[in-house]
Amino acid sequence: MIPITINDQQFEISNDLTVLEAAREHGIHIPTLCYHEALESVGACRLCVVEVETNGRIRTAASCVTPVAPNMIIRTNTEKIQQLRRVLVELLLARCPELKVLHDLAREVGLKEVRFFKEQEDCFLCGLCVRACSEIVGVNAVGFGDRGVKNKVEPPFLKASNVCISCGTCTTICPAGTFHLERVDRLKTLHHFHDEYHEEKCRVCGDHFIY
Ligand code: SF4
Ligand code: FES
């Protein structure tokens, strides 16, 4: 156990936690998008940003990928942090203006308007679907295609997936609620055309999936 301070409150916590886990353990809310307790954290969305002070040095850090340290001082809701979160949500909303999860976040962080050019994407590239497919289901039927502004979730190399078992984990975990029929249909279509298609078993529940 180690001593840390979060928002002026002192706690004794296990030294193997991240800052986000430590805060949640004590009921302190930090907004997240790309975090899921069942998956490795990658710090993709940065929405969980907090201020961290160690040995007198203050920095901002993504709390989901920052391990706690003895005597660390954490501030989760300073004016600077709130401002950073507003800009992050604004950028996400400019990319995906229709998504309810982002409008809820905008209300939470006090964002009133989006100043940037609006696109019409329905995926903010949190990567939960990709990581869930790899880490929970144990296959890699979806991944990130292209790079930079063209980055998107696709079957690897846009090739027919002979490993997708149609378990629906990707659709369930998507916080945008948009990894649904369109993307799954695309996977299925690619899958059906694949010569080496064979039935697969889910490595978690053991069920067979056929389509
Ligand atoms: S489809 Fe959903 S889960 Fe996958 S990266 Fe996009 S927003 Fe995240
Ligand atoms: S929740 Fe920590 S970076 Fe996305």
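Attention here is on the structure that accompanies the text. Everything numeric in this text was worked out from a predicted model, so none of it was measured.

Another aspect to go through is the layout of surface pockets. Each pocket or cavity is described by its volume, and for the largest pocket that value is around 300 Å³. As for the largest pocket, its lining consists of L33, A44, C45, L88, L91, L92, R95, E119, F124, L125 and C126. Among the residues making up the lining of the largest pocket, the classes are represented as nine nonpolar, no polar and two charged.

This next bit is on helix α4 (residues 128-137). What sets the pattern is the α-helix's 3.6 residues per turn: residues three or four places apart point alike. Burial analysis of α4 places seven of its ten residues in the buried class, the great majority of the element. Listed in full, the buried residues belonging to α4 are L128, C129, V130, R131, A132, C133 and V137. Packing partners of the buried residues in α4 comprise β6 (143-145), β7 (152-154) and α5 (169-173).

Turning our eyes to something else, we now look at the sheet that holds strand β4 (residues 57-62). Sheet architecture is open: five strands sit in the order β2-β1-β5-β3-β4, paired in mixed fashion. Strands with a single pairing partner mark the edges of an open sheet, and in this sheet they are β2 (9-13) and β4. If you compare each strand with its neighbour and ignore which way they point, the axes differ by 30° on average. For strand β1 (residues 2-6) and β2, the ladder comprises five bridges, and the chain directions are antiparallel. Bridge pairing in β2 places T5 opposite Q10. Running at roughly 145° to strand β3 (residues 49-54), helix α2 (residues 79-95) makes contact with β3, β4 and β5 (73-75) of the sheet.

A separate point is the site of ligand 1. Around ligand 1 sit twelve residues in total, of which C123, C126, G127, C129 and C174 are the nearest. Placement of ligand 1 is best described as lying within the largest cavity. By residue class, the composition of the shell around ligand 1 is ten nonpolar, one polar and one charged.

Structurally, T76 can be placed in the loop between β5 and α2. Under the relative-accessibility criterion, T76 is labelled buried at 3%. Within polar-contact distance, the side chain of T76 engages the side chain of N7 at 2.8 Å. Among all residues touching T76, those that are not within four sequence positions of it are I6, N7, I28, I30, V50, I81 and R85.

Grouped together as the largest cluster of nonpolar side chains are 35 residues, with contacts concentrated most on L33, V89, L102, F124, V153 and F179. Among the elements that line this core, the one with the most residues is α4, at six residues. Shared between two domains, this core takes at least three residues from each, and those domains are domain 1 (1-124) and domain 2 (128-209). Not counting residues within four places of it along the chain, the set of residues in contact with F124 comprises L33, L92, R95, C96, L99, V101, L102, P175 and A176. Core analysis: the second largest hydrophobic core is formed by 22 residues, I2, L17, A22 and I30 among them.

Let us look at the pattern of salt bridges. Side chains carrying opposite charge are able to pair once their charged atoms draw close together. This model, assessed by the stated rule, comprises seven salt bridges. When the shortest N-O distance is used, the salt bridge between R75 and E53 registers 2.6 Å. In this pair, R75 is assigned in strand β5 and E53 in strand β3, connecting sequence segments 22 residues apart. For R75, a relative accessible area of 25% corresponds to the partly exposed category.

Reading guide: rules and limits
- Every chain's residues receive numbers from 1 upward, in the order its sequence appears when written.
- Throughout, the order in which chains and ligands are written sets their labels, letters from A for the former and numbers from 1 for the latter.
- Confidence filtering applies because this is a predicted model: local features only for residues at pLDDT of at least 70, side-chain atom pairs given and counted only at 80 or more, and all residues used for totals across whole chains, interfaces and linings.
- The basis for every side-chain value is the complete set of heavy atoms in the structure, and neither hydrogens nor water enter the calculation.
- The method works on a 1 Å grid over the protein atoms by themselves. A cavity is a set of points holding a 1.4 Å probe that cannot get out, a pocket is an open set with protein on both sides within 12 Å along at least five of seven lines, and residues with an atom within 4 Å of a point line them.
- Grid points are joined across faces, edges and corners, and a volume is the space filled by probe spheres set on the points.
- Charged residues are taken to be Asp, Glu, Lys and Arg, nonpolar residues to be Ala, Val, Leu, Ile, Met, Phe, Trp, Tyr, Cys and Pro, and polar residues to be all remaining types, Gly included.
- A simple rule labels every residue: compare its accessible area, found with a 1.4 Å probe on the protein chains alone, to the largest value its type can have, and call it buried under 20%, exposed over 50%, or partly exposed in between.
- Only DSSP runs of H or I covering at least 4 residues are called helices, and only runs of E covering at least 2 are called strands; the numbering of each starts at the N terminus.
- Any two residues whose heavy atoms approach within 4.5 Å at even a single point are treated as in contact.
- Pairing between strands is defined by DSSP: at least two bridges between the two strands are required.
- Axis geometry follows a simple rule: fit a line to the C-alpha atoms, using only the stretch in contact for helices, then measure angles between N-to-C directions, giving values from 0 to 180 degrees.
- Throughout, the term near means that a residue has one or more heavy atoms lying within 4 Å of the molecule or strand in question.
- For a cavity or pocket, the test is whether more than half of a molecule's atoms lie within 2 Å of its grid points; if they do, the molecule sits there.
- Two N or O atoms count as a polar contact when they lie within 3.5 Å, although within protein this holds only if one can serve as hydrogen donor and the other as acceptor, and sequence-adjacent residues are included solely when both atoms are side-chain atoms.
- What makes a nonpolar core is a set of buried Ala, Val, Leu, Ile, Met, Phe, Trp, Tyr and Cys residues whose side-chain atoms join them at distances within 4.5 Å.
- Start and end points for every domain follow an automatic or database-based domain assignment.
- Take a side-chain nitrogen of Lys or Arg and a carboxyl oxygen of Asp or Glu: if they are within 4 Å of each other, that pair is a salt bridge.

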